[in-house]
Structure formats: structure tokens, C-alpha cells
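For reference, the chains in residue letters:
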Amino acid sequence: MFCYQCQETAGCTGCTRAGVCGKSARTAALQDLLVYVTRGLCQLTTALRNQGEAIIPEDDRLVTENLFVTITNANFDDDALQARIRATLERNAALRSRLDGAGLSAAARWDGSGDWDDKAQAVGVLSTADEDIRSLRELITYGLKGMAAYNHHVNAYGKSAPGVDAFLQAALAKTLDDSLTAEELTALALETGKYGVDVMAALDEANTSAYGHPEVTRVNLGVRDNPAILVSGHDLHDLEQLLEQTVGTGVDVYTHGEMLPAHYYPAFQKYPNFVGNYGNAWWQQKEEWELFPQLRLDMMRLASAPLSGGALGRETGVSRQVVVQDIALLRTMGYPILSTARGYVLNVSKHASRFFKVCHTNEQTEDELVTIVDLGGTVVDVMVNHR
């Protein structure tokens with residue numbers, strides 16, 4: 001594999017064995033192959049547009065979704081990627097039948113025959129020998145992938161940006177054209193930036209028409225005591241559906257990373273369970289989602305006895321070290337968690353109290369007090385009567 005589409009790429013040069021993002025070499029190969037057949041699809045749709053023929057919305061969506069699933073951390077499902085490759089090959093065959101075939105590239109003509117692993121290696125990033133041309137082609141491709149992501153969110157509202165679709169497909173088709181010079185590709189990269197602004201404007205219109213214009217908003221950075229769902233990404237439409245499904249259920253919703261700006265849309269402020277943001281940037285989500293403490297907190301709240309770090313780790317599928325880090329994080333957030341010889345206890349009021357009158361030795365007194373604390377109780381006061 002060779003992938004350098006994100007800023008986290010290994011050694012700032014390229015991932016060659018597995019992605020820093022977590023994707024396997026097999027997944028990277030399938031993504032390269034999906035981009036390849038999508039370039040072919042774009043050459044076919046652009047040729048038909050140039051003949052004055054209409055392109056159905058489903059083909060526009062297919063191009064958008066194909067590019068969207070290949071961006072960093074979007075989709076590492078090999079079965080889903082293979083299904084998209086097959087679906088694109090079918091559309092390519094259908095569109096080829098409407099053209100005479102002259103001037104079509106190998107990407108537009110490929111029918112899926114042969115070994116896919118070998119094909120992916122032959123058409124990947126390094127298949128362009130000239131480093132300058134390769135870099136410009138990839139720069140354009142990554143810009144188009146970003147446009148596709150925004151376009152996907154526009155489409156989620158049932159809206160479209162026809163000019164963006166047409167440019168995206170024409171530009172991706174041009175990355176197959178070996179006659180284009182570095183100067184011409186540089187101009188295309190700049191034009192891609194212009195259409196990038198256009199698709200962001202289309203998404204802004206879709207978002208603000210649905211949720212209102214952004215307002216300066218104070219966002220809580222802590223967590224509450226309720227069960228919770230943590231949401232990342234950019235899809236405000238999905239967030240709206242999630243909030244509708246969870247409001248009134250006692251389940252809180254938190255944003256992470258790129259979803260933070262959702263808080264400044266007025267329409268979301270009506271949901272009492274949309275309570276804050278957890279964590280930092282998107283590239284930290286792998287570690288921070290493991291550290292999201294809500295599950296461990298709920299377990300301690302529901303437990304009838306102290307829970308050891310090992311027991312918490314086994315129940316939640318993480319190491320004891322992660323549990324220790326979580327406990328420290330929860331304490332900094334103000335949760336009164338006690339460490340006892342038998343495990344952790346969430347020291348919150350259960351609104352029940354007892355008064356015990358006993359007669360025993362000094363040693364028995366110590367045993368009794370330690371037992372009360374170990375079982376999650378709090379000793380409020382002790383009175384001693386020497387008789």
C-alpha cells in the first residue's frame with residue numbers, strides 16, 4: 001500500500017504497511033480500486049454531459065458516496081468497499097453503451113476482470129511515475145474527496161448542487177488525462193478550491209435553513225451522571241435524528257471533534273439532553289473514546305459493593321490501566337470516587353441513613369467502621385459512651 005492523504009501519515013511521507021488511521025493494507029487497496037473505477041465513471045458522465053445528455057441523480061450520488069467513503073476514517077469495511085466497486089462497474093458498463101468508446105481510458109473500460117489485488121497495486125497512487133504530476137493529481141483528488149464529503153451532507157437534506165456535481169466529475173476525469181501539464185493541473189487545483197467554497201456555501205444554506213444561523217454559545221466540557229452517547233463527524237441531520245430519539249429517555253448526547261460546532265445552531269439548543277462536548281480533535285478519538293468514562297461511572301453508580309479496577313476493565317473491555325486513567329479523569333470532573341481496599345466506590349448520597357447503637361471492644365469498633373466504608377457507606381458521626 002501507499003497512502004499519504006492525511007497529515008498523520010507515517011514519517012510525513014506515506015503509510016506503506018498499515019495506515020496510521022488504522023486501516024489495513026487490504027482496505028487501502030480496495031479504496032484505491034474504488035477511486036480508480038470512480039475516475040472511469042466520471043469520465044463517462046462527463047462525456048455524456050458534453051454530448052448534451054442528462055445524468056441521473058443516482059449517478060451523481062454514486063460518485064459522491066464513492067469518494068466520501070475513501071476519506072480518512074470514514075469506512076474500513078472491506079465488504080462494503082467491494083460492493084461499491086461492483087456497483088460502479090455495473091454503472092460504467094451501462095454508460096459505456098451510450099458512447100462510441102473512442103478516447104475512453106482504461107479506468108472507464110475496465111470490467112472488473114482479473115485479480116483485484118494486482119489491479120489495485122497497478123492503479124494506486126504510485127502508478128503515476130512523475131512526482132510532480134502525481135502530487136498534483138493527488139492534491140486535486142483529495143480536494144474532490146473533501147467536496148464529496150460536504151456534498152454528501154447537502155444531499156442528506158434532499159438538496160443538490162448540480163454545478164458542484166458536474167465540476168467534481170469533470171475534474172476527477174481529468175486526473176486520467178496524461179496530456180495535461182503541471183501548469184494545467186495547478187490551474188485545475190486552484191479551480192477545485194473555488195468549487196470547494198461553492199459546496200461549503202451550499203451546505204451552509206442547507207444547515208442554516210434547517211437549524212438557524214449560528215450564535216455564540218457556551219458549551220459544557222464536563223460530563224453528567226446520566227447514560228450517554230458520544231457523537232463525532234459532521235452530519236447534523238443524523239444528530240437531529242439521534243436527539244429526537246433520545247430526548248426524554250434520560251440519555252445524554254455529547255459531541256466530539258468536528259461535531260462541536262453543532263452547539264451554536266439555535267435549533268439544537270431546545271434539546272435538554274444535548275449537554276456538552278467531550279474530548280479534543282478528531283485524530284484523538286481512538287484513545288479518547290476508550291477513555292469516555294460514562295460506562296464506568298454508570299457501573300459504579302449501580303453497583304451494590306465496591307468494584308475493583310480489574311472488574312471494571314473486564315466488564316468494559318479495557319485494561320486496568322485505562323480504568324485508572326478514567327477514575328483520575330472523573331475525579332478531576334468532580335465525581336466523589338473513593339478508593340477502598342475492595343475497589344472503587346461512587347460516594348453519592350442514596351438518601352438513606354441509619355443509626356446504630358452497639359456495644360463492643362475497640363478492635364470491633366475499627367472493624368465495624370472499615371466495613372461500613374468498604375460497603376459504600378459514609379460515617380457521619382461517632383458518639384462514645386464510656387459505661
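Quick look at the structure, then. Bear in mind the structure is a predicted one, so any value in this text is a computation, not a measurement.

1. Here we look at the overall build of the chain
A tally of regular secondary structure across the chain gives 14 helices and five strands. Counting the 387 residues in the chain, one finds 40% classified as buried. Carbon and sulfur atoms form 53% of the exposed surface of the chain, whose accessible area is close to 20,700 Å².

2. Describing helix H2 (residues 57-68)
The terminal C-alpha atoms of H2, which comprises twelve residues, lie 16 Å apart, in line with the 16 Å expected from a rise of 1.5 Å per residue. The element H2 is largely enclosed, with a buried count of nine among its twelve residues. Among all positions in H2, only Asp59, Asp60, Leu62, Val63, Thr64, Glu65, Asn66, Leu67 and Phe68 are buried. If you follow the buried residues of H2, they end up packed against helix H1 (25-50), helix H3 (78-96), helix H6 (131-156) and helix H7 (162-174).

3. Here's the deal with unusual backbone geometry
In this structure, cysteine 12 takes a positive phi of about 60° despite not being glycine. Position of cysteine 12 relative to the elements: it lies in the segment before H1.

4. A closer look at the packing of H1 against helix H5 (residues 116-123)
Two elements in contact, H1 and H5, have axes whose closest approach is 9 Å; the angle formed by their N-to-C orientations is 70°. Overall, the two elements H1 and H5 adopt an arrangement that is roughly perpendicular. Crossing hand, H1 versus H5: left-handed. Contacts between H1 and H5 involve Arg26, Ala29, Leu30, Leu33 and Tyr36 from the first element and Trp116, Asp117, Lys119, Ala120 and Val123 from the second. Classifying every residue of the contact of H1 with H5 by side-chain character gives seven nonpolar, no polar and three charged.

5. Observations concerning a nonpolar patch on the surface
Judged by side-chain polarity, Val373, Val379, Val382 and Val384 come together as a nonpolar surface patch covering roughly 300 Å² of accessible area. Tracing the backbone through its elements, the reader meets valine 379 in the segment after helix H14 (362-374).

6. Topic: the nonpolar core
Core analysis: the largest hydrophobic core is formed by 30 residues, its most contacted members being Leu67, Leu144, Met147, Leu168 and Leu185. For this core, the elements supplying multiple residues, two or more each, are H1, H2, H6, H7 and helix H8 (182-211). Core analysis: the second largest hydrophobic core is formed by 15 residues, Ala29, Val37, Ile85 and Trp110 among them.

7. Overview of the packing of aromatic side chains
A full pass over the atoms with the stated rule returns ten aromatic pairs. Through a chain of ring-to-ring contacts, the aromatic side chains of Tyr157, Tyr211, Tyr264, Tyr265, Phe268 and Phe274 assemble into a single cluster. Lying across the ring of tyrosine 195, lysine 194 places its NZ or CZ 4.4 Å from the centre.

8. What to know about H3
When the terminal C-alpha atoms of H3 are compared, their 27 Å separation across 19 residues agrees well with the 27 Å that a helix rising 1.5 Å per residue should span. For H3, the complete set of buried residues consists of Leu81, Gln82, Ile85, Thr88, Leu89, Asn92 and Leu95. Down the axis of H3, the sector holding all buried residues measures 145°, keeping them to one side. Exposed and facing more than 90 degrees away from the buried side of H3 are Asp79 and Glu90. Against the buried residues of H3 lie H1, H2, helix H4 (106-109) and H5.

9. Observations concerning the pattern of salt bridges
On inspection of all chains with the given rule, the structure shows eight salt bridges. Between aspartate 60 and arginine 49 there is a salt bridge, with the nearest N and O atoms lying 3.0 Å from each other. Of this pair, aspartate 60 sits in helix H2 while arginine 49 sits in helix H1; the two residues are eleven residues apart in sequence, bridging distant segments of the chain. In this structure, the salt-bridge partner of arginine 137 is aspartate 178, at a minimum N-O distance of 2.6 Å. Of this pair, arginine 137 sits in helix H6 while aspartate 178 is found in the loop between H7 and H8, placing the two residues 41 residues apart along the sequence. Residue classification places aspartate 178 among the exposed positions, given a relative accessible area of 65%.

10. Observations concerning the side chain of lysine 23
Here lysine 23 is to be found in the segment before H1. Buried and unpaired, lysine 23 has aspartate 32 as its nearest opposite-charge partner, separated by 6.3 Å. Within the structure, lysine 23 has its side chain in polar contact with the side chain of glutamine 31 (distance 2.8 Å). Excluding residues that lie within four positions of it along the chain, lysine 23 makes contacts with Met1, Cys3, Gln5, Ala18, Ala28, Gln31 and Phe76.

11. As for the side chain of lysine 145
Take lysine 145: it is sitting in helix H6. Notably, lysine 145 is buried but unbridged: the nearest opposite-charge side chain belongs to glutamate 138, and the N-O separation is 6.3 Å. When residues no more than four places from it in sequence are discounted, the contact partners of lysine 145 are Gln5, Val35, Leu67, Thr70 and Ile71.

12. So, the pairing of strand S5 (residues 343-346)
In terms of strand pairing, strand S4 (residues 337-340) meets S5 through four bridges, oriented antiparallel. Bridging from a neighbouring strand, serine 339 pairs with tyrosine 344 of S5. Linking S4 back to S5 in an antiparallel pair, the connection comprises two residues.

13. Observations concerning the pairing of strand S1 (residues 228-231)
Across four bridges, the pairing between S1 and strand S2 (residues 252-255) is parallel. Its bridge partner lying in S2, valine 231 is registered against threonine 255.

14. A few points about the packing of H1 against H3
One way to put it is that H1 packs onto H3 with a least axis distance of 9 Å and a crossing angle of 20°. One finds that H1 runs roughly parallel with respect to H3. The element H1 and its partner H3 pack so that their crossing is left-handed. Residue composition of the contact of H1 with H3, by class: eleven nonpolar, eight polar and five charged.

Thresholds, definitions, all that
- Residues numbered from 1 in each chain as written.
- Predicted model: local features only at pLDDT ≥ 70, side-chain atom pairs only at ≥ 80, totals over all residues.
- Heavy atoms only, no water.
- Helix = DSSP H or I, 4+ residues; strand = E, 2+ residues; numbered from the N terminus.
- Buried < 20%, exposed > 50% of the residue type's maximum accessible area, 1.4 Å probe, protein only.
- Areas by Shrake-Rupley, 256 points an atom, 1.4 Å probe, with all protein chains shown as cover.
- Expected span 1.5 Å × (residues − 1).
- Contact = heavy atoms within 4.5 Å.
- Axes fitted to C-alpha atoms, helices over the stretch in contact; angles between N-to-C directions.
- Parallel < 35°, antiparallel > 145°, perpendicular 65-115°, else oblique.
- Left-handed = near helix turned anticlockwise from the far one by under 90°.
- Nonpolar A, V, L, I, M, F, W, Y, C, P; charged D, E, K, R; others polar.
- Patch = residues over 30% accessible without salt bridge, like charges linked within 9 Å, V, L, I, M, F, W, Y side chains within 5 Å.
- Salt bridge = Lys/Arg side-chain N within 4 Å of Asp/Glu carboxyl O.
- Core = buried A, V, L, I, M, F, W, Y, C linked by side-chain atoms within 4.5 Å.
- Phe/Tyr/Trp six-rings, centres within 6.5 Å; stacked < 30°, edge-to-face > 60°.
- Lys NZ or Arg CZ within 6 Å of the ring centre and 35° of its normal.
- Arc of directions from axis to C-beta.
- Lys, Arg positive; Asp, Glu negative; His and termini not counted.
- Polar contact = N/O pair within 3.5 Å; in protein donor to acceptor, adjacent residues only side chain to side chain.
- Pairing = 2+ DSSP bridges.

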